[in-house]
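Overview (structure and organization)
In case you want the letters, here they are:
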Amino acid sequence: MKKTRPNSSSAEVPFVKRKKKRVKKKKGKEEGTNTITPLIEKYWLQRYSLFSKYDEGIKIDEEGWYSVTPEEIAIRHAEKCGGDALVVDGFAGVGGNAIQFANLCSFVVAVDIDPHKVNMAFNNAKVYGVEDYIDFIVGDFFRLAPSLKGDVVYLSPPWGGPSYKRIENFTMDLLKPKDGYSIFQAAQRITPKIIMFLPRNVDLNQVEELSWLSSPPLSIEIEKNYLEGNFKGITVCFDGNASCTRVEGGGSTLSGFSWQSSWVLNNGPTTGCQVSATESE
């Protein structure tokens, strides 16, 4: 017998049981304003090395978790720029580097093509109290570069996600959104003083080739960056006339961050290299 339900008319209307729609729940736990998925859980465990003020309202999206520069390394990058520098951060992401540039340099122009990331970067800068020293721009770095002015350009382009670690020799064409040569040439339209943060497995021969894209060639300093004993990445600084510094060997430690002894190679285009060891500061 069919179930019926009351109706204002004398006729009885068949009762149809409706199926409930299943709503897919997003995997991952909510932690403050951030969603912690299985992919980024290990990065969440390192959250205070990424942002020491994480508990004060820092916002990070999934890509930001594995892309942001650890804070101590970001401080090291800012120290290399000089206190009076106007820094252009070409791929600002959620603002890890821009915040430290704002802390230690004169002013920062932070560019990112993702408006969601720019909003997060602005929020994070407010947490650190440096939002007034950063001009946030939503846009394509390659299109904006010809119109930007700065003393230093900082480049930490996407490395292609955590899978970069499985590549034995990370070549410059694997950087995103364009190859490393195109990214570097765009930055040269602003200034010859360029700092790049690259994967630990990057092809160093290709990195050194970048210095010869300018005439005269640029100086190059290559430094390995460690955090609590773990090799995190390579910082490359370009400036001036042809010479290079490659990081090798053991180094010192400060607040869990260590940088290594440097092999200083003073060379011209035709004279070869003379090697002497110095300690990076």
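For the structure itself, consult the block above.
A brief structural summary. (Residues numbered from 1 in each chain as written. Predicted model: local features only at pLDDT ≥ 70, side-chain atom pairs only at ≥ 80, totals over all residues. Heavy atoms only, no water.)

1. Description of the packing of aromatic side chains
- Using the criterion set out here, one finds 13 aromatic pairs in the structure.
- Aromatic pair Tyr-54 and Trp-65: ring centres 5.7 Å apart, planes at 50°, arrangement tilted. Of the two residues, Tyr-54 sits in the loop between helix H2 (47-50) and helix H3 (62-67) while Trp-65 sits in helix H3, which places them 11 residues apart along the sequence. Across the pair, Trp-65 and Tyr-54 agree in class, each one buried.
- The interplanar angle of 65° and the centroid separation of 6.0 Å between the aromatic rings of Phe-141 and Phe-142 together place this pair among those described as edge-to-face. (Phe/Tyr/Trp six-rings, centres within 6.5 Å; stacked < 30°, edge-to-face > 60°. Helix = DSSP H or I, 4+ residues; strand = E, 2+ residues; numbered from the N terminus. Buried < 20%, exposed > 50% of the residue type's maximum accessible area, 1.4 Å probe, protein only.)

2. Overview of the side chain of Asn-124
- Its place among the elements puts Asn-124 in helix H6 (residues 115-128).
- On the basis of relative accessibility, which here comes to 0%, the residue Asn-124 falls in the buried class.
- Beyond its immediate chain neighbours, meaning those up to four positions away, Asn-124 contacts Phe-51, Gly-57, Ile-58, Lys-59, Val-94 and Ile-99. (Contact = heavy atoms within 4.5 Å.)

3. Comments concerning the environment of Arg-47
- Residue placement: Arg-47 occurs in helix H2.
- Residue Arg-47 is classed as buried on the basis of its relative accessible area of 14%.
- Considering only alpha carbons, one finds Arg-47 and Glu-71, 24 residues apart in sequence, at a separation of 9.9 Å.
- In this view, Arg-47 contacts Tyr-54 and Trp-65; residues no more than four positions away in its chain are not counted.

4. A few points about the packing of helix H4 (residues 71-81) against helix H5 (residues 96-104)
- Closest axis-to-axis distance for the H4/H5 pair is 8 Å, and the angle between their directions is 45°. When the axes of H4 and H5 are compared, the pair comes out oblique. When you trace H4 past H5, the crossing you get is right-handed. Contacts from Glu-71, Ala-74, Ile-75, His-77, Ala-78, Glu-79 and Cys-81 in H4 reach Gly-96, Asn-97, Gln-100, Phe-101 and Leu-104 in H5. (Axes fitted to C-alpha atoms, helices over the stretch in contact; angles between N-to-C directions. Parallel < 35°, antiparallel > 145°, perpendicular 65-115°, else oblique. Left-handed = near helix turned anticlockwise from the far one by under 90°.)

5. Structural notes on the pairing of strand S6 (residues 107-112)
- With five of six residues buried, S6 lies mostly within the body of the structure.
- Sheet analysis places strand S5 (residues 86-89) next to S6, joined by four bridges and oriented parallel. Across the sheet, residue Asp-89 finds its bridge partner in S6, namely Ala-110.
- Relative to strand S7 (residues 134-138), S6 runs parallel, the two being bridged by five bridges. By the bridge assignment, Ala-110 is partnered in S7 with Phe-136. (Pairing = 2+ DSSP bridges.)

6. A word on the environment of Ile-99
- Relative to the helices and strands, Ile-99 is located in helix H5.
- Overall, Ile-99 belongs to the buried group, its relative accessible area being 1%.
- Along the chain, Ile-99 and Ile-134 lie 35 residues apart, while their C-alpha atoms are 8.1 Å from each other.
- Non-local contacts of Ile-99, meaning those with residues more than four positions away in its chain, are made with Phe-51, Asn-124, Ala-125, Tyr-128, Val-130 and Ile-134.

7. Here we look at the pattern of salt bridges
- Evaluation of the coordinates by the stated rule reveals six salt bridges.
- Between Lys-117 and Asp-61 there is a salt bridge, with the nearest N and O atoms lying 2.8 Å from each other. With Lys-117 in helix H6 and Asp-61 in the loop between H2 and H3, the pair connects residues that are 56 residues apart, well separated along the chain.
- When its relative accessible area of 8% is taken as the criterion, Lys-117 is described as buried.
- Among the salt bridges present, the one from Lys-117 reaches Asp-114, with a minimum N-O distance of 3.4 Å.
- Overall, the relative accessible area of 24% leaves Asp-114 in the partly exposed class.
- A single network of salt bridges, built from pairs that share partners, joins Asp-61, Glu-63, Asp-114 and Lys-117. (Salt bridge = Lys/Arg side-chain N within 4 Å of Asp/Glu carboxyl O.)

8. Regarding H6
- With 14 residues, H6 ought to run about 20 Å at 1.5 Å a step, and its terminal C-alpha atoms sit 20 Å apart, in line with that.
- Residues of H6 that are buried sit in contact with H3, H4, H5, S6 and S7.
- Taking the backbone nitrogen of His-116 as reference, a side-chain oxygen 2.9 Å away marks Asp-114 as the first, capping residue of H6.
- Following H6 by one or two positions, Gly-129 has its phi on the positive side, about 75°. (Expected span 1.5 Å × (residues − 1). Polar contact = N/O pair within 3.5 Å; in protein donor to acceptor, adjacent residues only side chain to side chain.)

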